[in-house]
Amino acid sequence: MNKKQNKNNTEMKNNKVLTAEEQSKLTPNKVIEILKRGNEAFADNRLALQNSIERVQNAVNGQHPEAVILSCIDSRVPVEDIFQCGIGDIFVARVAGNIVNPDILGSLEYACKVSGAKLIVVMGHEHCGAIKSAIDDVELGNITGLLSKIKPAVNQSKVNFKGETTSGNAAFVEKVCYANMELMVNEIRKNSPILKAMEDKGEIKIVGAIYGLESGKVEFFEKNKIKNIIEQLSIRFFS
Ligand SMILES: [Zn+2]
């Protein structure tokens, strides 16, 4: 990245918050590009955005974010920073294990159908404690019910898995993490006719992503590619 590109990047993210008109001109693919570029800046240690009081005030009268990210609550995953986003740029829904439930679906529908966001990203992350707890069958208060939503990914990942299916096995934890991401993307399509219809019409995209705790990089997985990735993982670790 040369100085000129860096300057452009800085200028882009320090602009005022998105207007309704700017948002309406964005496409789902363009938003993926913007998020990828922001993540490159973060992972290259040249995060340029700082929320200013000017930006706070610019956003008072409305918001027109470009995307909604469904992320885990993990404190090591600062979602806005990861994508070099500031006030007004993205909606963020956070719940342990980035699971989908009716309230999360309602939030995603609000972000896209009501507020015009163009992209839904279900973002899991490496070394996820919720995934490990689901593998370990942890039972505690309301955590039990939450983890039950990750169990289908655990059970699916056990099929044809040749190593130890424990939270101590990094390969198994990774497989469950990807499977959970894929299942949650499909849950959205299955349980939200509104979002499914928007995706079918090309108004939005629903994609998966995994955040690397060590690299700071986000890898995106679009429709029909997630399964291939899980199969590739199986080949890499288990053949
Ligand atoms: Zn997590």
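Small disclaimer: the values here were computed from a predicted structure and weren't measured. (Residues numbered from 1 in each chain as written. Predicted model: local features only at pLDDT ≥ 70, side-chain atom pairs only at ≥ 80, totals over all residues.)

J.: Explain the overall build of the protein chain here, please?
T.: Per the secondary structure count, the protein chain includes 12 helices and five strands. Looking at the protein chain residue by residue over its 239 residues, the buried ones come to 39%. Here the analysis covers contacts within the protein chain between residues at least 6 apart in sequence; of these, 73% occur between residues at least 24 apart. (Helix = DSSP H or I, 4+ residues; strand = E, 2+ residues; numbered from the N terminus. Buried ≥ 20, exposed ≤ 12 C-beta atoms within 10 Å, placed from the backbone. Contact = placed C-beta atoms within 7 Å.)

J.: Would you take a moment to explain the sheet that holds strand E5 (residues 218–221) for this structure?
T.: Hydrogen bonding along the main chain pairs the strands of a sheet, whether they run parallel or antiparallel. Sheet architecture is open: five strands sit in the order E2-E1-E3-E4-E5, paired in mixed fashion. Of all the strands in the sheet, the pair left with one neighbour each is strand E2 (90–94) and E5. The sheet shows a mean angle of 25° between the axes of neighbouring strands, direction not considered. Sheet topology places strand E4 (residues 205–211) next to E5; four bridges connect them, and they run antiparallel. The residue of E5 that forms the bridge with Ile-210 is Glu-219. (Pairing = 2+ DSSP bridges. Axes fitted to C-alpha atoms, helices over the stretch in contact; angles between N-to-C directions.)

J.: Explain the pairing of strand E3 (residues 119–125) to me, please; I cannot follow it from the model alone.
T.: Two faces make up the sheet, and in a regular strand the side chains alternate between them. Within E3, seven of the seven residues are buried, leaving the element largely enclosed by the surrounding structure. The side-chain alternation of E3 yields two buried faces, one formed by Leu-119, Val-121, Met-123 and His-125 and the other by Ile-120, Val-122 and Gly-124. Bridge analysis of strand E1 (residues 67–71) against E3 gives five bridges, and the strand direction is parallel. For Ile-69, the partnering residue across the bridge sits in E3 and is Val-121. Here E3 pairs with E4 via seven bridges, running parallel. Bridge pairing links Leu-119 to Lys-205 in E4.

J.: Honestly, the nonpolar core in this entry has me stumped. Any pointers?
T.: Soluble globular proteins: nonpolar side chains tend toward being buried together. Within the largest apolar cluster, 61 residues are counted, with the highest numbers of intra-cluster contacts made by Val-68, Leu-108, Ile-120 and Val-121. In terms of residues, this core owes the most to one element, helix H10 (residues 170–191), which gives 10 residues. Beyond its immediate sequence surroundings of up to four residues, Val-68 is in contact with Ile-90, Phe-91, Ala-93, Leu-108, Ala-111, Cys-112, Ala-117 and Ile-120. (Core = buried A, V, L, I, M, F, W, Y, C linked by C-beta atoms within 7 Å.)

J.: Any chance you could explain the packing of helix H9 (residues 151–158) against H10 here in plain terms?
T.: Two packed helices can be described by the angle between their axes and the distance between those axes. One can describe the packing of H9 onto H10 by two numbers: an axis separation of 8 Å at closest approach and a directional angle of 125°. The orientation of H9 relative to H10 falls into the category oblique. In the packing of H9 onto H10, the handedness of the crossing is right-handed. Side by side, H9 and H10 meet where Pro-152, Ala-153, Val-154, Gln-156 and Ser-157 of the first sit next to Phe-172, Lys-175, Val-176, Ala-179, Asn-180 and Leu-183 of the second. (Parallel < 35°, antiparallel > 145°, perpendicular 65-115°, else oblique. Left-handed = near helix turned anticlockwise from the far one by under 90°.)

J.: Help me out: how do you make sense of unusual backbone geometry in this one?
T.: One can expect most non-glycine residues to show negative phi and most peptide bonds to be in trans. The backbone of His-127 sits at a positive phi, close to 55°, despite the residue not being glycine. By the secondary structure assignment, His-127 is in the loop between E3 and helix H7 (129–135). Overall, the presence of 15 C-beta atoms within 10 Å leaves His-127 in the partly exposed class. Phi is positive for Asp-137, close to 55°, though the residue is something other than glycine. Topologically, Asp-137 is positioned in the loop between H7 and helix H8 (143–148). For Asp-137, a count of 11 C-beta atoms within 10 Å gives the class exposed.

J.: Any chance you could explain the confidence of the model for the protein chain here in plain terms?
T.: In low-pLDDT regions, the fine details of the predicted coordinates are not to be read closely. Per-chain confidence: the protein chain averages 90 in pLDDT, with 87% of residues scoring 70 or above. Note on residues 1–12: pLDDT under 50 across the span, and six contacts to partners over four residues away in sequence or across chains. (pLDDT = per-residue confidence, 0-100.)

J.: Looking at this structure, how should I read helix H6 (residues 102–114)?
T.: Owing to its 3.6 residues per turn, the α-helix brings residues three or four apart onto one side. Here H6 spans 17 Å end to end across 13 residues, near enough to the 18 Å set by a 1.5 Å rise per residue. Buried within H6 are the following residues: Ile-104, Leu-108, Ala-111 and Cys-112. Mapping the buried residues of H6 onto a view down its axis gives an arc of 85°, with all of them on the same face. Counted as exposed and oriented over 90 degrees from the buried face of H6: Pro-102, Asp-103 and Val-114. Close packing links the buried residues of H6 with E1, E2, E3, H10 and helix H11 (193–200). (Expected span 1.5 Å × (residues − 1). Arc of directions from axis to C-beta.)

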